[in-house]
Amino acid sequence: MSNEYAILRVRVTVKDADTLRALLRDTRPDVGGRIGQDEDGSLSFDAYVSPEKAQALPREGVTVTTLDYDAAATGRARQAEVGQGDRFAPADAVPQGLALKVKDSKGAKDA
């Protein structure tokens, strides 16, 4: 894994809403999902950041826990689980729209 393009998934926990607003304003992390409130009143969220940005997040009232050291690879693995094509289209569906209909590998001349 190259650190040049590494994306980490981290859990950021802040002590209160004011700290959260300041953190988001200053660092602008890519927030993944909604912000949750813990029983003790602290707030937490997952973020996708570079290793450098992850090091810049911790400050007074903020803790950062790394959940995934290569979130990009995890995302690619999840994308591989998704099928190809339109599973809702009937097998005999005729394509619609502006395009060339290609009958063979020679090109669209015979279309």
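Our subject is the structure listed above.
Overview of the structure.

Cut-offs applied
- Residues numbered from 1 in each chain as written.
- Predicted model: local features only at pLDDT ≥ 70, side-chain atom pairs only at ≥ 80, totals over all residues.
- Heavy atoms only, no water.
- Helix = DSSP H or I, 4+ residues; strand = E, 2+ residues; numbered from the N terminus.
- Buried < 20%, exposed > 50% of the residue type's maximum accessible area, 1.4 Å probe, protein only.
- Contact = heavy atoms within 4.5 Å.
- Core = buried A, V, L, I, M, F, W, Y, C linked by side-chain atoms within 4.5 Å.
- Pairing = 2+ DSSP bridges.

Digging into unusual backbone geometry
Notably, arginine 28 is not glycine yet its phi reads approximately 50 degrees, a positive angle. Relative to the helices and strands, arginine 28 resides in the loop between α1 (17–27) and β2 (30–31). For arginine 28, a relative accessible area of 65% corresponds to the exposed category.

Considering the side chain of threonine 19
Position of threonine 19 among the secondary structure elements: in helix α1. Note on threonine 19: relative accessible area 12%, which makes it buried. When residues no more than four places from it in sequence are discounted, the contact partners of threonine 19 are Val14, Glu60, Gly61 and Val62.

Details of the nonpolar core
Core analysis: the biggest nonpolar cluster contains 13 residues, and Val10, Val12, Val14, Leu23, Phe45, Val49 and Leu57 have the highest contact counts within it. Put simply, the parts of the chain that give this core at least two residues each are β1 (8–14), α1 and β4 (43–49).

Concerning the pairing of β4
With six of seven residues buried, β4 is to be regarded as a mostly interior element. In terms of strand pairing, β1 meets β4 through seven bridges, oriented antiparallel. Bridge pairing in β4 links valine 10 to alanine 47. Looking at chain direction, β2 and β4 are connected through two bridges and run antiparallel. What sits directly across from valine 31, in β4, is alanine 47. Taking the residues that link successive antiparallel strands as the turn, the strand β3 (residues 36–37)-β4 hairpin has five residues, and the phi of glycine 41 there is positive, at about 95 degrees.

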